[in-house]
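The residues making up each chain are set out below.
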2 protein chains.
Amino acid sequence: VLGYDGTDFAGYQIQARGRTVQGELEQALARIARAPIRPQCAGRTDAGVHATGQVVAFDLAWRHEPAELQRALNALLPPDMLISDLQPAVAGFSPRFDAVSRTYHYRLLNRPWPDLFQRRYAYHVRQPLDLAAMNEAAQALRGWHDFASFGKPPQGDNTVRQVMVARWSAGENGLLTFEVTANAFLYHMARIMVGTLVQIGWGHRSPTAIPELLAARNLRCAAPPAPAHGLCLVKVTYPADQIEGSAPK
Amino acid sequence: VLGYDGTDFAGYQIQARGRTVQGELEQALARIARAPIRPQCAGRTDAGVHATGQVVAFDLAWRHEPAELQRALNALLPPDMLISDLQPAVAGFSPRFDAVSRTYHYRLLNRPWPDLFQRRYAYHVRQPLDLAAMNEAAQALRGWHDFASFGKPPQGDNTVRQVMVARWSAGENGLLTFEVTANAFLYHMARIMVGTLVQIGWGHRSPTAIPELLAARNLRCAAPPAPAHGLCLVKVTYPADQIEGSAPK
């Protein structure tokens, strides 16, 4: 289970240019294995997106306790990455294809003035939001739907997903958190949901607009994605006989 | 009332090299006044130290509402600085010499694993700390004392200060906060207090060691200063007829 502060990363996936989570992880793994190792992950988060519960898997010959490997990797990883749990997985385990659900949190600060210390981790929205309208709309996202209006599939053309949880809660000092759990997400799906729900919270769209938006099956009908820095991958779950990804305790 | 995230600043005070809070503030003021303006502050914080309640004062001819100047300055300031309140002051007001008290908070994360999102704002201490011993020791810091063991004076040789508040409180997930209020602080005084109290919390010094440390009047007897990034200047108070510095509401 891997956490990272997405601020200074060009996303999870390794690429020719730019610092990536996968790139840093591969460097640490290579120093331990003295050979290149390619980790697999549960979901390739975009540039700027954070994680506390990303799940990665890799093949490595290790004779000692898993906790020692965790310590060794954390000592090699940069300060904006942290392995919070490390366990042996069953043979052939795939963090992506074996995942049963993913949970993201989107943090939004709804008040006139910004917060200096939250500016990397919460989207600042000055104009007041109607939380009840946003939650009414969020409810319509739950269930099995074709989410073609909310993102493109990473491969193939199946845009049907199951959303199990989609709700806003209010914290202190104007902090609003959107929790969304689905079996899997389309590209930008969580952020397009948030962008659309914010427009509903401003009264620019009706809270009853979600069913027609789903029916439209057209990306242009939804709002643009909300900024990446509010989003955090917090949990990925697996069948009990494999491994359970979890946020740090 | 000025806040800043100290992470990317070489301290408050302007200097030949390095990005400073004062330097950024002077740039914003010069763009509004079309002339150089030198602000005065309540306390020159070190590199890496944060503020939510720094108080600055400057002379500027302004025909409109103070709130409009605040908005204009905030629009010109970088995202890691924020003016949270702006009021006219009495003629000759000095944020430094008129201040009655300063309050700092020091945030410390006492648990085995770090927090990715607090790493710029809290000092991570893995080894368990005895909070009761630290609070017993903190109590001995209160009152009028010669604090020569805890820092050098910014000018002259008077090292007597009055500490009104010095206490630790425990928050969630291992977060400990030291709140300290004094009429004025010596250089590094808050951080040397924290460094010393942490040694007491580890059992490396006795909780009853503070009175002899004060009596020694020798900087070498105390612990090194705790890291800058845990410290935040949260409040400066003034006589009621001048101006009251306060943290953002």
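Numbers given to residues run from 1 along each chain, matching the order in which its sequence is written. Both sets of labels track the order of writing: A upward for chains, 1 upward for ligands. At least 70 in pLDDT is required for a residue's local features to be given in this predicted model, at least 80 for side-chain atom pairs to be given and counted, and no such filter applies to totals for whole chains, interfaces and linings, which use all residues. Based on all heavy atoms of the structure, the side-chain values leave hydrogens and waters out of the count.

Focus on the overall build of chain A
Here is step 1 of the chain: Only DSSP runs of H or I covering at least 4 residues are called helices, and only runs of E covering at least 2 are called strands; the numbering of each starts at the N terminus. The helix and strand inventory of chain A stands at five helices and eleven strands.
Here is step 2 of the chain: Rg of the C-alpha trace for chain A: 19 Å, near the compact-globule value of 18 Å for 249 residues, within the 12% margin.
Here is step 3 of the chain: In terms of overall dimensions, chain A has C-alpha extents of about 60 × 40 × 35 Å along its principal axes.
Here is step 4 of the chain: Contacts in chain A between residues at least 24 apart in sequence constitute 66% of all its contacts with a sequence separation of at least 6.
Here is step 5 of the chain: Charge counting treats Lys and Arg as positive and Asp and Glu as negative, with His and both chain ends excluded. By convention, charge coordinates are those of NZ in Lys, CZ in Arg, CG in Asp, or CD in Glu. Between the centroid of the 25 positive side chains of chain A and the centroid of its 21 negative side chains there is a distance of 5 Å. Throughout, the radius of gyration refers to the C-alpha atoms, and the reference size of a globule is 2.2 Å times the residue count to the power 0.38. Here a residue-residue contact requires only that any non-hydrogen atoms of the pair lie within 4.5 Å.

Description of the environment of A:L82
Here is step 1 of the chain: For A:L82, the location among the structural elements is in strand 5 (residues 81-83).
Here is step 2 of the chain: We classify A:L82 as buried; its relative accessible area is 11%.
Here is step 3 of the chain: Spatially, the C-alpha atom of A:L82 lies 29 Å from that of A:P153, the residues being 71 residues apart in sequence.
Here is step 4 of the chain: When neighbours within four sequence positions are excluded, A:L82 is seen to be in contact with A:V1, A:L2, A:G3, A:N74, B:P114 and B:L116. Burial classes: relative accessible area under 20% of the type maximum marks a residue as buried, over 50% as exposed, and values in between as partly exposed (1.4 Å probe, protein chains only).

Observations concerning the interface of chain A and chain B
Here is step 1 of the chain: The interface is formed by 19 residues belonging to chain A together with 19 residues belonging to chain B.
Here is step 2 of the chain: Summed over both partners, the accessible area (1.4 Å probe) lost when two parts come together is defined as the buried area. Summing both sides of the interface, chain A and chain B together bury roughly 1600 Å²; the carbon and sulfur share of this comes to 65%.
Here is step 3 of the chain: By definition here, a salt bridge exists when the distance from a side-chain nitrogen of Lys or Arg to a carboxyl oxygen of Asp or Glu is within 4 Å. Joining chain A to chain B, the criterion identifies four salt bridges.
Here is step 4 of the chain: Note that B:D5 and A:R119 form a salt bridge whose closest N and O atoms lie 2.9 Å from each other.
Here is step 5 of the chain: Here a polar contact is recorded for every N or O atom pair within 3.5 Å, except that within protein the pair must consist of a potential hydrogen donor and a potential acceptor, and residues adjacent in sequence are included only if both atoms are side-chain atoms. The tally of links between chain A and chain B comes to six residue pairs in polar contact (both at pLDDT 80 or more).
Here is step 6 of the chain: Secondary-structure elements contributing two or more residues to the side of chain A that touches chain B are strand 1 (2-4), strand 3 (50-54) and strand 5 of chain A.
Here is step 7 of the chain: It is strand 3 of chain A that provides the largest number of residues to the side of chain A that touches chain B, a total of three residues.
Here is step 8 of the chain: Under the convention adopted here, Pro, Cys and the residues Ala, Val, Leu, Ile, Met, Phe, Trp and Tyr are nonpolar, Asp, Glu, Lys and Arg are charged, and Gly plus all remaining residues are polar. Counted by class, the side of chain A that touches chain B contains ten nonpolar, three polar and six charged residues.

Focus: the confidence of the model for chain A
Residue and element names in this part refer to chain A.
Here is step 1 of the chain: Known as pLDDT, the predictor's confidence for each residue is given on a scale from 0 to 100. Residues at a pLDDT of 70 or more form 96% of chain A, whose mean pLDDT is 94.
Here is step 2 of the chain: Predicted confidence for residues 244-249 stays below pLDDT 50, and this span has 19 contacts to residues more than four positions away or in other chains.
Here is step 3 of the chain: Here the prediction assigns the complex a pTM of 0.90, and the interface score ipTM is 0.85.

Some words on the packing of helix 1 (residues 21-33) of chain A against helix 2 (residues 66-76) of chain A
Helix-helix packing is described using two parameters, namely the angle between the two axes and the distance between the axes.
Residues and elements named next belong to chain A.
Here is step 1 of the chain: Interaxial angle, 0 to 180 degrees, is taken between N-to-C directions of lines fitted to C-alpha atoms, where a helix line uses only the stretch in contact. Here helix 1 crosses helix 2 at 125°, and the two axes come no closer than 9 Å. As judged from the angle between their axes, helix 1 and helix 2 are oblique. The way helix 1 lies across helix 2 gives a crossing that is right-handed. Residues A28, L29, R31 and I32 of helix 1 lie in contact with helix 2, whose contacting residues are L69, A72, L73 and L76.
Here is step 2 of the chain: Within the contact of helix 1 with helix 2, the residues separate by chemical class into seven nonpolar, no polar and one charged. Here the angle decides the label: under 35 degrees means roughly parallel, over 145 means roughly antiparallel, 65 to 115 means roughly perpendicular, and every other value means oblique. Handedness of each helix crossing follows the sense of rotation of the near helix against the far helix: counterclockwise by less than a right angle gives left-handed, clockwise gives right-handed.

As for the relation of the copies chain A and chain B
Here is step 1 of the chain: When the copies are overlaid, the least-squares fit takes in C-alpha atoms only where the residue has pLDDT of at least 70 in both copies. With an axial shift of 0.0 Å and an RMSD of 0.0 Å, the rotation relating chain A to chain B amounts to 180°. Such values leave the two copies arranged in the relation of a two-fold axis.
Here is step 2 of the chain: Comparing contact sets, 100% of the residues at the interface of chain A also lie at the interface in chain B, consistent with an isologous, same-surface contact.

Some words on the pattern of salt bridges
Here is step 1 of the chain: Under the definition given, this model contains 18 salt bridges over all chains.
Here is step 2 of the chain: Here A:D46 makes a salt bridge to A:R191, at a shortest N to O gap of 3.2 Å. Separated by 145 residues along the polypeptide, A:D46 in the loop between strand 2 (40-41) and strand 3 and A:R191 in helix 4 (residues 189-201) bring together distant segments of the chain.
Here is step 3 of the chain: Given the relative accessible area of 28%, A:D46 is considered partly exposed.
Here is step 4 of the chain: When its relative accessible area of 11% is taken as the criterion, A:R191 is described as buried.
Here is step 5 of the chain: Across the pair B:D5 and A:R120 runs a salt bridge, and its minimum N-O distance is 3.3 Å. Highlighted residues: B:D5 in the loop between strand 1 (2-4) and helix 1 (21-33) and A:R120 in the loop between strand 6 (101-110) and strand 7 (123-125), drawn from two different chains.
Here is step 6 of the chain: With relative accessibility at 12%, the residue A:R120 sits in the buried group.
Here is step 7 of the chain: If you follow the salt bridges from partner to partner, you end up with A:D5, B:R119 and B:R120 in one network.

Re the packing of aromatic side chains
Residue and element names in this part refer to chain A.
Here is step 1 of the chain: Pairing of aromatic side chains here covers Phe, Tyr and the six-membered ring of Trp, requires ring centres within 6.5 Å, and sorts the geometry by plane angle: under 30 degrees stacked, over 60 edge-to-face, intermediate tilted. Counted under the stated rule, the structure contains 14 aromatic pairs over all chains.
Here is step 2 of the chain: Ring geometry for Y106 versus Y123: centroids 6.4 Å apart, planes at 85°, classification edge-to-face. Separated by 17 residues along the polypeptide, Y106 in strand 6 and Y123 in strand 7 bring together distant segments of the chain.
Here is step 3 of the chain: Residue classification places Y106 among the buried residues on the basis of a relative accessible area of 1%.

Notes on the pairing of strand 10 (residues 175-182) of chain B
Residues and elements named next belong to chain B.
Here is step 1 of the chain: Of all eight residues that make up strand 10, seven are buried, and the element is covered over most of its length.
Here is step 2 of the chain: Where strand 6 (residues 101-110) meets strand 10, eight bridges bridge the pair, whose relative direction is antiparallel. For Y104, the partnering residue across the bridge sits in strand 10 and is V180.
Here is step 3 of the chain: Whether two strands pair comes down to DSSP finding at least two bridges between them. Looking at chain direction, strand 9 (residues 160-170) and strand 10 are connected through seven bridges and run antiparallel. Opposite W168, over in strand 10, you have F178 as the bridge partner.
Here is step 4 of the chain: The antiparallel hairpin formed by strand 9 and strand 10 contains four residues in its connecting segment, where N173 sits at a positive phi of about 55°.

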